[in-house]
Each structure stands twice: as structure tokens, then as C-alpha cells.
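# Inside the fold
Residues per chain, in single letters:
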Amino acid sequence: MLLDWNEHRDELLGKVAEYSKLTPEFMKGLMRMDAGASATGHLSAKIHELIALAVAITTRCDGCISVHVKAAAKHGATREEIAEALAVAISLNTGAALTYTAHVLDAFDSLPQA
């Protein structure tokens, strides 16, 4: 079954609000960190959201997807720009998997010889 992304986002934000009441100082710190990530102004809000979506698929975070896709659209990201950002993330993950093949082969080669 496909997610209802709007419902998912609203439910998630409600749960985050509940959590915020339990940990207000932590959430203030998190919000400061989030604000600090864009404080220099070198990247546009749209680029920040495209990066967030690329990270969201690499971390498999449905909540991140539901929140940041709405924000990306709000900041003018097109479907094509989102697709390109996702392609970069997919490509990087493929490269990382390829690079880690060396670890697997090294682990195999380090096994005691029979």
C-alpha cells in the first residue's frame, strides 16, 4: 500500500511536537543546529532541500521525505530537479557499495587458509 504522504507528514509532525514537549532544550538545540546549517547563505533554501532529499533516500527516512519534499516544492524545486538530486544520491550509494567490495574481498582473503 502506498503512503498517504500528507497524512504521514501531519502525523509525524504531531508526534515530533509531542516529543518536543518532553525534551524542549534538546529541540531548541536541534533547531539552532538546523538554522546554523543555512546561516552562511551560500546555498539557497531549494538546494538545502534537494540535499535533504538526497540524504533522506540514503538513510531510508520516510519522515524526512514527507517533510522535505513539501519544503523543496515550496522553495521552487521541480520534479526534474528532485530526480537529478536523487540520481546523485543513488550514484554515490552505488559507488560506496562498489568501494566496499574491497573490504569484503580483504575479509575473505584474511580467512585462515585450509
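This brings us to the overall build of the protein chain. Along the protein chain, the regular secondary structure elements total five helices and zero strands. Expected size for 114 residues packed as a compact globule is a radius of gyration near 13 Å; at 19 Å, the protein chain overshoots this value by more than 25%. Summarising its shape, the C-alpha atoms of the protein chain cover approximately 60 × 40 × 40 Å along the three principal directions. Evaluated residue by residue, the protein chain yields a buried proportion of 14% over its 114 residues. For the protein chain, the exposed surface amounts to about 8900 Å²; the carbon and sulfur share of it is 65%. In the protein chain, 10 side chains carry a positive charge and 14 a negative one; their mean positions are 9 Å apart.

With that settled, the discussion passes to the environment of Met27. Note on placement: Met27 falls in helix 2 (residues 24-36). When its relative accessible area of 11% is taken as the criterion, Met27 is described as buried. If sequence neighbours within four positions are ignored, Met27 has contacts with Val16, Tyr19 and Ser20.

Relative to each other, helix 1 (residues 5-22) and helix 2 sit at 115°, their axes nearing to 5 Å. Along the contact surface, helix 1 presents Val16, Tyr19, Ser20, Lys21 and Leu22, while helix 2 presents Pro24, Phe26 and Met27. Per-class residue counts for the contact of helix 1 with helix 2 are six nonpolar, one polar and one charged.

Judged by side-chain charge, Asp4, Glu7, Asp10 and Glu11 come together as a negatively charged surface patch. Tracing the sequence through the fold places Glu11 in helix 1. A relative accessible area of 49% places Glu11 in the partly exposed class.

With that settled, consider a nonpolar patch on the surface. Taken together, Tyr19, Leu22, Phe26, Leu30 and Met33 make up a surface patch of nonpolar side chains, about 560 Å² in accessible area. Counting residues per element, the ones that place at least two in the nonpolar patch are helix 1 and helix 2. The leading source of residues in the nonpolar patch is helix 2, at three residues. Given the relative accessible area of 57%, Met33 is considered exposed.

For the protein chain, mean pLDDT is 94; residues scoring 70 or higher make up 99% of the total. Ranking the elements of the protein chain by mean pLDDT puts helix 1 last with 92 and helix 3 (residues 45-59) first with 97.

Once that is clear, we can look at the packing of helix 3 against helix 5 (residues 79-109). A pair of packed helices can be characterised by two numbers: the angle between their axes and the separation between those axes. One way to put it is that helix 3 packs onto helix 5 with a least axis distance of 9 Å and a crossing angle of 45°. Here helix 3 lies oblique to helix 5, going by the angle between them. Where helix 3 crosses over helix 5, the two elements pack in a sense that is right-handed. Only Glu81, Ile82, Ala85, Leu86, Ala89, Ile90 and Asn93 of helix 5 make contact with helix 3, whose side of the interface consists of Lys46, Leu50, Leu53, Ala54, Ile57 and Thr58. Its residues assigned to classes, the contact of helix 3 with helix 5 comprises nine nonpolar, two polar and two charged.

Conventions and cut-offs
The residue numbers shown here count from 1 along each chain, following its written sequence. Local features in this predicted model are restricted to residues whose pLDDT is 70 or higher, and side-chain atom pairs enter the listing and the counts only when it is 80 or higher, whereas totals over whole chains, interfaces and linings include all residues. The basis for every side-chain value is the complete set of non-hydrogen atoms in the structure, without hydrogens or water. Numbering of helices and strands runs from the N terminus; a helix is a DSSP stretch of H or I covering at least four residues, while a strand is a stretch of E covering at least two. Computation of the radius of gyration draws on C-alpha atoms, with the globule rule given as 2.2 Å multiplied by the number of residues to the power 0.38. Buried residues are those whose accessible area, probed at 1.4 Å on protein chains only, stays under 20% of the maximum for their type, while exposed residues exceed 50% and partly exposed ones sit between those limits. In this description, accessible areas are obtained by the Shrake-Rupley approach with a 1.4 Å probe, and a residue is regarded as covered only by the protein chains that are shown. Counting rule for charge: Lys and Arg are taken as positive, Asp and Glu as negative, and neither His nor the chain ends is counted. Every charge is mapped to an atom, namely NZ of Lys, CZ of Arg, CG of Asp or CD of Glu. In this analysis, two residues are considered to be in contact whenever any of their non-hydrogen atoms come within 4.5 Å of each other. Orientation is described by lines fitted to C-alpha atoms, with helices fitted over the stretch in contact, and by angles between N-to-C directions that extend from 0 to 180 degrees. Gly counts as polar in this scheme, as do all residues outside two lists: the nonpolar Ala, Val, Leu, Ile, Met, Phe, Trp, Tyr, Cys and Pro, and the charged Asp, Glu, Lys and Arg. To count toward a patch, a residue needs a relative accessible area above 30% and no salt bridge. Like charges then connect within 9 Å, nonpolar side chains (Val, Leu, Ile, Met, Phe, Trp, Tyr) within 5 Å. One speaks of a salt bridge when a side-chain nitrogen belonging to Lys or Arg is within 4 Å of a carboxyl oxygen belonging to Asp or Glu. Every residue carries a pLDDT, the predictor's confidence in it, which falls somewhere between 0 and 100. Comment on the angle field: the value is read as roughly parallel under 35 degrees, roughly antiparallel over 145, roughly perpendicular from 65 to 115, and oblique elsewhere. Crossing chirality is assigned from the near helix's rotation relative to the far helix, an anticlockwise turn below a right angle marking it left-handed and a clockwise turn marking it right-handed.

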